[in-house]
Amino acid sequence: MGAFDEGVGSQTEAGTVSSGEGSDEDALWSGRFSKPAAPEAHRMGVSLHFDRRLVLQDLRASVAHVEALRDAGLLSETEASGLLDELRDEPSWLDVIDVARDEDVHMAIERELTERLGEAGAKLHAGRSRNDLVVTDYRLWLLEEGAQAKDKLVALVRGLTQRALEGAEHVMPGFTHNRPAQVVTAGYVLVAHAVALMRDIERLDQWATRTSVSPLGAGAIATSTLGLDAAATAERLGFAKPFDNALDAVSDRDFAIEFCSVAAILGMHLSRLAADLARWSEPAFGFVEIDEAFSTGSSMMPQKRNPDVLELTRGKAARSAGDVVTLLTLTSALPSGYHRDLQEDKEPGFDAAETMNLVLPALTGCVATLRFVPEVMRAAMADEDLYATDLAESLVVAGAPFREAHRRTGELLKDLSGRGRALRDLSDEEWEAFGVPDGAALLDPDVSIRARSMAGGPSPESVRTQVAAVEARLPAT
Ligand code: ARG
């Protein structure tokens with residue numbers, strides 16, 4: 001990103017694109033026209049303020065295209081090496097993109113190249129169109145950002161599994177409907193999030209495999225007559241293969257929609273992890289403390305330490321969900337072929353990628369520095385409701401049908417609460433009468449957690465096995 005990291009979403013870069021300047025009077029396509037575009041029409045078409053993020057990808061795609069033209073005998077060795085020297089000098093391009101002058105990044109680079117080299121520059125666009133170029137750039141950009149997001153996600157999952165191991169014995173109430181349900185551990189909940197995020201890592205991988213297709217050579221809609229080797233171009237750009245069909249290559253944006261949907265599902269998972277951590281850190285819970293470096297104060301209330309990183313993680317999940325909807329709506333009714341509507345395809349993808357790459361490191365830091373407060377978690381285990389299902393299951397083991405066991409346990413709890421008594425007050429005789437002679441011993445969180453030792457369950461051993469399974473699926477570092 002570097003020089004091009006202004007936010008996406010603004011319609012124009014306010015104050016930079018003036019209505020008169022940079023009109024299409026001298027556009028690279030002006031031959032067929034006898035008058036320039038109206039300033040307001042030009043202004044609407046400008047995308048350089050956001051698509052300049054693609055400058056490096058456009059240079060690399062241009063390198064591959066120059067080599068294809070040279071190999072096809074359409075550029076001399078001298079012309080090609082002149083162009084390649086300029087295009088490969090990436091730092092020399094970072095400051096030349098002038099939003100006031102050009103419509104988009106592709107035209108900005110071609111114009112500058114032609115100004116630097118004359119006729120050789122004017123030969124660059126043979127056999128290619130902005131239609132194949134823009135999706136080549138966009139695929140490359142998303143693949144790079146997606147790879148970065150994957151590395152960051154792997155780091156988060158590693159952090160979570162480590163914290164899950166630390167928390168494998170920290171018993172705490174598990175909740176359904178935000179009400180105490182059964183005994184779990186902090187480690188069990190954290191590894192649950194890691195298991196979900198593992199699927200996001202795999203989704204990112206699968207998306208990248210499908211997206212690794214080069215559109216370059218597809219031209220505007222139907223390739224060219226120039227004998228370009230699209231397979232060689234694909235290989236030069238690091239794509240797995242060239243396009244199967246040129247019309248599909250320039251028309252479809254499924255790669256960007258899928259990227260945003262992978263990001264949206266990931267965003268939803270991150271949001272739910274953040275929601276758990278924020279809740280655990282509420283003063284009324286006190287199960288964890290968020291490090292000061294990942295909390296924020298209040299401008300007015302001096303006592304406050306708020307979980308803003310977690311809340312923003314939740315809030316930003318809305319962005320990528322919106323990005324998917326934008327792209328689906330944008331593309332659904334379009335006939336095949338390129339339409340200028342498709343210029344609106346980039347900001348949602350930029351936003352989804354940049355949101356992932358912003359949120360992931362912050363959440364990773366927050367998880368890594370989180371302090372467990374096991375004594376507070378354990379104090380919450382005094383709630384006897386947490387053991388009710390264990391009692392019912394003991395009746396089942398003794399031979400009762402589950403429905404009857406459920407009813408008898410419910411009736412016992414109702415009876416006790418009506419008399420202001422608790423399970424802990426039951427005598428050995430009363431337990432005997434209930435049908436679970438060792439009932440008193442079951443009201444123990446360590447007994448309860450170890451009793452649920454089946455694969456995928458919350459016992460410390462099972463959590464350790466789940467952690468090992470997640471770690472075995474993580475890419476080696
Ligand atoms: N800036 C345009 C985009 O993002 C490039 C393609 C323009 N192609 C065209 N036929 N006008 O889609």
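Residues numbered from 1 in each chain as written. Predicted model: local features only at pLDDT ≥ 70, side-chain atom pairs only at ≥ 80, totals over all residues. Heavy atoms only, no water.

(A) Summary view of the overall build of the protein. The helix and strand inventory of the protein stands at 19 helices and 6 strands. Computed over the C-alpha atoms, the radius of gyration of the protein is 30 Å, more than 25% above the 23 Å expected from 2.2 N^0.38 for a compact globule of 477 residues. Seen along its three principal axes, the alpha-carbon backbone of the protein occupies a region of about 100 × 50 × 40 Å. Looking at the protein residue by residue over its 477 residues, the buried ones come to 49%. The long-range share in the protein, meaning contacts at least 24 apart out of those at least 6 apart in sequence, stands at 76%. As presented, the protein carries roughly 22,000 Å² of accessible surface, and 53% of it is formed by carbon and sulfur atoms. Charge-centre separation for the protein: the mean point of 48 positive side chains lies 4 Å from the mean point of 77 negative side chains. (Helix = DSSP H or I, 4+ residues; strand = E, 2+ residues; numbered from the N terminus. Rg over C-alpha atoms; globule rule 2.2 N^0.38 Å. Buried < 20%, exposed > 50% of the residue type's maximum accessible area, 1.4 Å probe, protein only. Contact = heavy atoms within 4.5 Å. Areas by Shrake-Rupley, 256 points an atom, 1.4 Å probe, with all protein chains shown as cover. Lys, Arg positive; Asp, Glu negative; His and termini not counted. Charge placed at Lys NZ, Arg CZ, Asp CG, Glu CD.)

(B) Fine view of the site of the ligand. Around the ligand, the neighbouring residues are S47, D104, H106, R130, N131, V134, Y338, Q343 and K346. Y338 places a polar side-chain atom, nitrogen or oxygen, 2.4 Å from an oxygen atom of the ligand. Here an oxygen atom of the ligand sits 2.7 Å away from a polar atom, N or O, in the side chain of K346. Protein coverage of the free-state accessible area of the ligand, which is 340 Å², stands at 86%. By residue number, the principal contributor to the shell around the ligand is helix α7 (residues 130-166), which donates 3 residues. (Near = heavy atom within 4 Å. Polar contact = N/O pair within 3.5 Å; in protein donor to acceptor, adjacent residues only side chain to side chain.)

(C) Representation of the pairing of strand β2 (residues 179-185) in the model. With 6 bridges joining them, strand β1 (residues 171-176) and β2 adopt antiparallel strand pairing. Across the sheet, residue G174 finds its bridge partner in β2, namely Q182. Taken together, β1 and the strand that follows it, β2, pair antiparallel across an intervening segment of 2 residues, in which H177 is found at a positive phi of about 55 degrees. (Pairing = 2+ DSSP bridges.)

(D) How the structure looks around the packing of α7 against helix α19 (residues 460-473). Packing of α7 against α19 brings their axes to within 10 Å, and their N-to-C directions diverge by 160 degrees. Between α7 and α19, the angle is such that the two are roughly antiparallel. Our pair here, α7 against α19, has a crossing hand that is left-handed. Facing α7, whose interface residues are V157, T161, Q162, A164 and L165, α19 presents V463, R464, V467, V470 and E471. (Axes fitted to C-alpha atoms, helices over the stretch in contact; angles between N-to-C directions. Parallel < 35°, antiparallel > 145°, perpendicular 65-115°, else oblique. Left-handed = near helix turned anticlockwise from the far one by under 90°.)

(E) Quick peek at helix α4 (residues 77-88). An ideal rise of 1.5 Å per residue puts 16 Å on 12 residues; α4 measures up with 16 Å between its terminal C-alpha atoms. On its buried face, α4 sits against α3 (55-71), α5 (105-117) and α6 (119-122). (Expected span 1.5 Å × (residues − 1).)

(F) Geometry of the pattern of salt bridges. For the structure shown, the criterion picks out 36 salt bridges. Here E90 and R60 are joined by a salt bridge, their closest N and O atoms 2.8 Å apart. Within this pair, whereas E90 is found in the loop between α4 and α5, its partner R60 is found in helix α3, the two being separated by 30 residues in sequence. Taken together, the salt bridges that share partners define one network made up of E169, R378, D446, R450, E461 and R464. (Salt bridge = Lys/Arg side-chain N within 4 Å of Asp/Glu carboxyl O.)

(G) Geometry of the packing of aromatic side chains. As enumerated under the stated definition, the model contains 8 aromatic pairs in all. Through pairs of rings, three or more aromatic residues link up here, namely Y138, W141, F255 and F350. Its guanidinium or amino end placed over the ring of W93, R116 lies 4.2 Å from that ring's centre, counting from NZ or CZ. Across the ring face of F175, the terminal group of R279 is positioned such that the distance to the ring centre comes to 4.8 Å. (Phe/Tyr/Trp six-rings, centres within 6.5 Å; stacked < 30°, edge-to-face > 60°. Lys NZ or Arg CZ within 6 Å of the ring centre and 35° of its normal.)

(H) Up close: the packing of helix α11 (residues 254-280) against helix α12 (residues 308-332). Contact geometry for α11 and α12: axes closest at 8 Å, N-to-C directions at 160 degrees. For the element pair α11 / α12, the angle class is roughly antiparallel. Taken as a pair, α11 and α12 cross one another with a handedness that is left-handed. Partitioned by chemical class, the residues of the contact of α11 with α12 number 17 nonpolar, 6 polar and 2 charged. (Nonpolar A, V, L, I, M, F, W, Y, C, P; charged D, E, K, R; others polar.)

(I) How the structure looks around helix α16 (residues 402-418). Here α16 spans 24 Å end to end across 17 residues, near enough to the 24 Å set by a 1.5 Å rise per residue. Inspection of α16 places A405, T409, L412 and L416 among the buried residues, and these make up the whole buried set. Down the axis of α16, the buried set is contained in an arc of 55 degrees. They therefore lie on one face. Across α16 from its buried face, at more than 90 degrees, point the exposed residues R403, K414, S417 and G418. Buried residues along α16 sit in contact with α15 (388-397) and α17 (428-434). G420 occupies a position one or two residues after α16 and carries a positive phi of about 65 degrees. (Arc of directions from axis to C-beta.)

(J) Broad picture of the nonpolar core. Of all hydrophobic cores here, the largest spans 97 residues; its most connected members are L153, L156 and W280. With near-sequence residues (within four places) excluded, L153 lies in contact with L197, D200, I201, L204, L266 and L360. Formed by 20 residues, the second largest nonpolar core is a distinct cluster that contains Y387, L426, V436 and L442. (Core = buried A, V, L, I, M, F, W, Y, C linked by side-chain atoms within 4.5 Å.)

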